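Each chain, written out:
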2 protein chains.
Amino acid sequence: MISDKKKHGSYLITYHSSLITVFMNIAIIAAAGQGTRMGAGRAKQFLELAGTPIIIHTLRRFEECAEIQATVVVLPAPDVAGFLALAGKYGLLKLSRVVQGGETRAESVWRGLQAVRAATAEIIAVHDGVRPFVTPEEISRTVRAAKEYGAAILTAPATDTIKEIQDGKIVRTHAREALRHALTPQCFRYELLRRAYEQAPNRGADATDCSALVEQLGEPVAIVEGDARNIKITRPEDIAFGEILLRESQVSSPKSQV
Amino acid sequence: MISDKKKHGSYLITYHSSLITVFMNIAIIAAAGQGTRMGAGRAKQFLELAGTPIIIHTLRRFEECAEIQATVVVLPAPDVAGFLALAGKYGLLKLSRVVQGGETRAESVWRGLQAVRAATAEIIAVHDGVRPFVTPEEISRTVRAAKEYGAAILTAPATDTIKEIQDGKIVRTHAREALRHALTPQCFRYELLRRAYEQAPNRGADATDCSALVEQLGEPVAIVEGDARNIKITRPEDIAFGEILLRESQVSSPKSQV
């Protein structure tokens with residue numbers, strides 16, 4: 001059958017599509033934080049950056065990344081119901097599930113992971129909803145590294161010297177070249193990430209990130225060099241900074257669908 | 001004599017001034033970098049932020065800090081001659097020496113330190129010329145901590161998870177609460193910093209910062225909690241970010257003297 005269909009381009013594509021469906025790369029966007037410190041009474045992932053909610057900017061980067069076939073968004077309970085309409089307004093075609101988050105980020109990611117169908121998942125890309133400046137190319141490279149090594153995370157070099165402290169005093173200066181900031185996405189083979197959560201005490205609630213859970217299994221995690229501009233929006237001035245980045249960089253794609 | 005003069009305010013002030021001269025706190029501003037990657041063909045410390053050179057913004061923070069009595073600026077060779085005129089234009093009253101920098105930051109700081117008169121120095125505050133967003137209050141707290149502990153550096157909490165790597169793989173995830181970004185100023189009793197440089201191999205040329213040299217002596221270094229906004233300007237977008245900070249924060253003092 002395969003050799004027959006190889007002669008016909010269009011059938012071949014259909015056939016390939018069904019194969020791809022069996023091995024999808026799925027992004028879990030962790031956006032269940034309810035912090036409203038940034039003002040305006042809204043969780044920060046819904047604040048607007050250049051007129052568009054931050055979470056939409058973030059999802060667009062995954063829409064634009066050919067390595068990603070579907071996205072699962074984990075949100076605060078009050079935002080779950082209305083999100084499909086918002087996604088429709090912005091033409092987000094890859095959004096496949098909207099999930100209610102848990103008490104901690106780890107619990108939210110775990111819930112997102114449970115919403116993924118095991119049979120269809122190859123690589124899971126876990127990403128912070130408030131990191132809208134990741135590029136599709138960075139996502140691609142991290143997904144591909146995870147295919148090769150099982151686990152890979154996007155990182156940025158340390159710019160400041162990092163000190164280790166104890167009781168208010170410095171106990172160690174780390175060699176800067178041996179340190180990396182852990183950014184997102186963090187990408188894993190589905191079964192590896194699932195096992196990491198299942199075997200972690202308290203489902204990983206105390207872990208700093210997904211990668212730490214996989215590291216605890218003794219499994220290697222590769223690093224992918226990314227750009228330090230891929231910040232987590234946490235402070236009011238980050239919004240203004242983000243608008244500068246959107247104006248000056250390639251992040252704002254002319255292909256955006258609004 | 002002292003009790004006599006106490007009756008006369010003006011004499012007393014004169015007398016106190018001479019006492020203060022004996023124990024001055026002196027800032028060494030390391031601004032000898034010649035990198036012109038940021039464009040405009042000028043070293044980045046001379047690029048303008050809201051119409052004023054970055055190095056002038058930085059020096060103003062030290063002008064505004066009552067704990068600092070004098071500043072020593074270390075510059076690239078071509079900028080030494082003209083700097084006093086620039087300082088005069090901006091009314092920098094504490095500038096006491098302009099020194100030509102060395103090959104590395106450590107060598108530049110060492111040259112600045114050699115320009116300080118041992119008899120007059122109590123605390124040396126070493127600061128990056130391209131960190132204009134430090135506040136006078138942060139400088140004060142760091143100087144005071146150095147008076148108490150011998151050595152103290154301004155720091156900011158780690159916001160990202162930090163990974164230690166080896167051969168492109170993660171070997172350790174650090175507990176975020178045990179890590180701090182080393183900012184500047186880094187403040188030391190004069191004789192301690194001098195000893196740290198004198199005893200360091202190759203005059204500390206390989207050290208990441210002054211604090212590391214003092215740590216290598218086995219001397220305790222205290223940490224002072226500062227604001228992450230006190231960034232080192234390294235990328236073009238940092239300039240735009242800085243202008244937002246200047247507009248929105250207290251950094252831009254209405255008392256500026258231009």
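Use the structure listed above.
For every chain, the first residue of the written sequence is number 1, and numbering continues from 1 onward in sequence order. Labels follow written order: the first chain is A, the first ligand is 1, and so on. In keeping with the model being predicted, local features are shown solely for residues with a pLDDT of at least 70 and side-chain atom pairs are shown and tallied solely at 80 or more, while totals for entire chains, interfaces and linings include all residues. To get the side-chain values, all heavy atoms of the structure are used, and hydrogens and water are removed first.

Peer 1: I keep staring at the interface of chain A and chain B and nothing clicks. Help me out?
Peer 2: Interface size is commonly expressed as the accessible surface area that is lost when the partners come together. Contact between two residues is taken to exist if any of their heavy atoms lie within 4.5 Å; hydrogens are not considered. The interface is formed by 41 residues belonging to chain A together with 41 residues belonging to chain B. Here the buried area means the combined drop in accessible surface, using a 1.4 Å probe, for two parts upon being joined, counting both sides. Both faces combined, the contact of chain A with chain B buries some 3,800 Å², and carbon together with sulfur accounts for 57% of it. A per-residue breakdown of the area chain A buries against chain B is headed by K163, I165 and E237 of chain A, which together make up 15% of the total. Only one rule defines a salt bridge in this text: a Lys or Arg side-chain nitrogen within 4 Å of an Asp or Glu carboxyl oxygen. The tally of links from chain A across to chain B stands at 10 salt bridges. Residue E237 of chain A is joined to R229 of chain B by a salt bridge in which the shortest nitrogen-to-oxygen separation is 2.6 Å. For the purposes of these results, a polar contact is taken to be a pair of N or O atoms within 3.5 Å, where, inside protein, one atom must be able to donate a hydrogen and its partner to accept one; residues adjacent in sequence count only when each atom of the pair is a side-chain atom. At the boundary of chain A and chain B, one finds 22 residue pairs in polar contact (both at pLDDT 80 or more). Numbering goes from the N terminus for both helices and strands, where a helix is a DSSP run of H or I of at least four residues and a strand is a run of E of at least two. Listed by contribution, the elements that provide at least two residues to the side of chain A that touches chain B are β8 (161-166), β9 (169-173), β10 (179-189), α8 (210-216), β11 (222-225) and α9 (236-248) of chain A. Here the side of chain A that touches chain B takes six residues from α9 of chain A, the largest share from any one element.

Peer 1: Quick question: what am I supposed to make of the packing of α9 of chain A against helix α9 (residues 236-248) of chain B here?
Peer 2: Packed helix pairs are specified by the crossing angle of their axes together with the interaxial distance, meaning the distance between the axes. For every element, the axis is a line fit to its C-alpha atoms; helices are fit only across the contacting stretch, and the angle between N-to-C directions ranges from 0 to 180 degrees. Between α9 of chain A and α9 of chain B, the shortest axis-to-axis distance is 10 Å and the interhelical angle comes to 145°. When the axes of α9 of chain A and α9 of chain B are compared, the crossing they make is right-handed. Touching E237, A240, F241, I244, L245 and E248 of chain A of α9 of chain A are E237, A240, F241, I244, L245 and E248 of chain B, all from α9 of chain B. Charged means Asp, Glu, Lys or Arg here, nonpolar means Ala, Val, Leu, Ile, Met, Phe, Trp, Tyr, Cys or Pro, and polar covers whatever is left, Gly included. Of the residues contributing to the contact of α9 of chain A with α9 of chain B, the split by class is eight nonpolar, no polar and four charged. Handedness of a crossing is defined here by the sense of rotation of the near helix relative to the far one, left-handed for an anticlockwise turn of less than a right angle and right-handed for a clockwise turn.

Peer 1: Honestly, α9 of chain B in this entry has me stumped. Any pointers?
Peer 2: Each α-helix winds once per 3.6 residues, and so residues spaced three or four apart point in a common direction. Multiply 1.5 Å by the residue count of a helix minus one, and that product is the helix's expected span. Its 13 residues place the ends of α9 of chain B 19 Å apart at the C-alpha level, agreeing with the 18 Å of an ideal helix rising 1.5 Å per residue. Think of it in three bands: residues with accessible area under 20% of the maximum for their type are buried, residues over 50% are exposed, and the middle band is partly exposed, with areas taken using a 1.4 Å probe on protein chains only. Residues E237, D238, I239, A240, F241, G242, I244, L245 and L246 of chain B constitute the buried set of α9 of chain B. Close packing links the buried residues of α9 of chain B with α9 of chain A together with β2 (48-49) and α3 (54-63) of chain B.

Peer 1: What is the right way to read the relation of the copies chain A and chain B from this model?
Peer 2: Mapping between the two copies of the chain is achieved by a rotation about an axis and a shift along the axis. Superposing copies: least-squares fit, C-alpha atoms only, residues required to have pLDDT of at least 70 in both. Each copy of the sequence occupies a distinct position, and chain A is placed on chain B by a rotation of 180° and an axial shift of 0.0 Å, giving an RMSD of 0.0 Å. The two molecules are tied by a two-fold rotation axis, judged by turn and shift. Minimal C-alpha separation from the rotation axis in chain A is found for F241 of chain A, amounting to 2.8 Å. Taken as a fraction of all interface residues of chain A, those also at the interface in chain B reach 100%, which identifies the copy contact as same-surface.

Peer 1: When you look at the side chain of E63 of chain A in this model, what are you seeing that I'm missing?
Peer 2: Residues and elements named next belong to chain A. Counting through the fold element by element, E63 comes out in helix α3 (residues 54-63). The positive count covers Lys and Arg only, the negative count covers Asp and Glu only, and His and the chain ends enter neither. Buried within the structure, E63 lacks any salt-bridge partner; its nearest side chain of opposite charge belongs to K94, at an N-O separation of 5.7 Å. A distance of 2.8 Å separates a polar atom in the side chain of E63 from the backbone nitrogen of K94. Among residues more than four places away in sequence, those in contact with E63 are G91, L92, L93, K94 and L95.

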